Amino acid sequence: MEFSFDNTFFAFVSLLIFLGLIVYLKVPGMMAKSLDDRADQIRNELAEAKRLREEAQHLLAEYQRKRKEAEAEAAHIVAAAEREAEMLTTEARKKTEEFVANRTALSEQKIKQAEADAMKAVRSAAVDLAIAAAESVLAKKADGSVQSGLFNDAVKEVKTRLN
């Protein structure tokens with residue numbers, strides 16, 4: 001039996017030498033180590049991404065909670081402002097009504113005072129007119145002795161009223 005060394009044989013031997021060198025130089029271990037390192041790196045990146053996602057979700061939940069609290073606080077502030085505005089409006093309306101009532105009462109009082117002053121003026125004028133008429137009638141009808149008697153009687157009456 002004769003072996004012929006053809007190209008296939010040399011290719012096969014070369015392949016075996018190549019595979020032997022690869023095993024001798026521990027290339028599969030290096031590849032496995034490199035793949036394991038890459039897998040660890042990817043695993044770490046995935047864990048970091050998961051942690052960052054959870055942190056982002058936590059921050060989102062916290063911001064939503066704060067937003068809801070701020071909205072509730074804003075609603076309370078608006079409600080308080082509306083109550084205060086209503087109270088101020090009511091108070092202003094009440095004060096305006098009181099002011100108008102006071103001004104009306106003051107005006108009515110001034111009118112009554114003016115009426116009273118007018119009545120006094122009319123009475124005073126009537127009394128003055130009556131006195132003047134009485135004087136002229138008495139002057140025409142009474143002589144000096146009657147006039148002095150009336151004067152003395154009037155003085156006595158004034159003195160008794162003062163005492």
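Residues numbered from 1 in each chain as written. Predicted model: local features only at pLDDT ≥ 70, side-chain atom pairs only at ≥ 80, totals over all residues. Heavy atoms only, no water.

S.K.: Account for the overall build of the protein chain, naming residues and giving values.
M.R.: Across its full length, the protein chain holds three helices and zero strands. For 163 residues, the compact-globule estimate of 2.2 N^0.38 gives 15 Å, and the C-alpha radius of gyration of the protein chain, at 63 Å, exceeds that figure by more than 25%. Counting only residues that meet the buried cut, the protein chain has 1% of its 163 residues in that class. Accessible surface computed for the protein chain: about 14,900 Å², of which carbon and sulfur atoms make up 63%. The averaged location of the 27 negative side-chain charges in the protein chain is 10 Å from the averaged location of its 25 positive side-chain charges. (Helix = DSSP H or I, 4+ residues; strand = E, 2+ residues; numbered from the N terminus. Rg over C-alpha atoms; globule rule 2.2 N^0.38 Å. Buried < 20%, exposed > 50% of the residue type's maximum accessible area, 1.4 Å probe, protein only. Areas by Shrake-Rupley, 256 points an atom, 1.4 Å probe, with all protein chains shown as cover. Lys, Arg positive; Asp, Glu negative; His and termini not counted. Charge placed at Lys NZ, Arg CZ, Asp CG, Glu CD.)

S.K.: Describe the UniProt feature "transmembrane region" (unreviewed entry) in the protein chain, and please don't skip the residues or the numbers.
M.R.: The sites that UniProt annotates as "transmembrane region" (unreviewed entry) are residues 6-25. In residues 6-25, helix accounts for 90% and strand for 0%; the two terminal C-alpha atoms are 29 Å from one another. (UniProt positions renumbered as here; feature names shortened; annotations may be inferred.)

S.K.: Any details on the confidence of the model for the protein chain? Residues and values, ideally.
M.R.: Averaged over all residues, the pLDDT of the protein chain equals 87, while 95% of them reach at least 70. Element-level pLDDT for the protein chain is lowest in helix H3 (residues 144-162), with a mean of 79, against a maximum mean of 90 in helix H2 (residues 27-141). (pLDDT = per-residue confidence, 0-100.)

S.K.: Now, about the packing of aromatic side chains: what can you tell me, with residues and values included?
M.R.: The description of two aromatic rings rests on the distance between their centres and on the angle between their planes. This structure, assessed with the given rule, holds one aromatic pair. Plain terms: the ring middles of Phe-9 and Phe-10 are 5.9 Å apart, the flat faces sit at 65 degrees to each other, and that makes the pair edge-to-face. The partly exposed category is assigned to Phe-10, whose relative accessible area is 47%. (Phe/Tyr/Trp six-rings, centres within 6.5 Å; stacked < 30°, edge-to-face > 60°.)

S.K.: Could you give me a rundown of the UniProt feature "coiled-coil region" (unreviewed entry) in the protein chain, with the residues and numbers involved?
M.R.: Per the UniProt annotation, the sites labelled "coiled-coil region" (unreviewed entry) are residues 32-98. As annotated, residues 32-98 comprises 100% helix and 0% strand, and the C-alpha atoms at either end are separated by 96 Å.

S.K.: Tell me what's going on with unusual backbone geometry, and back it up with residues and numbers.
M.R.: Glycine aside, residues mostly have negative phi, and peptide bonds are mostly found in the trans state. With a phi angle near 60 degrees, Lys-26 is a residue other than glycine that sits in the positive phi range. Residue placement: Lys-26 occurs in the loop between helix H1 (7-24) and H2. Judged by its relative accessible area of 58%, Lys-26 falls in the exposed class.

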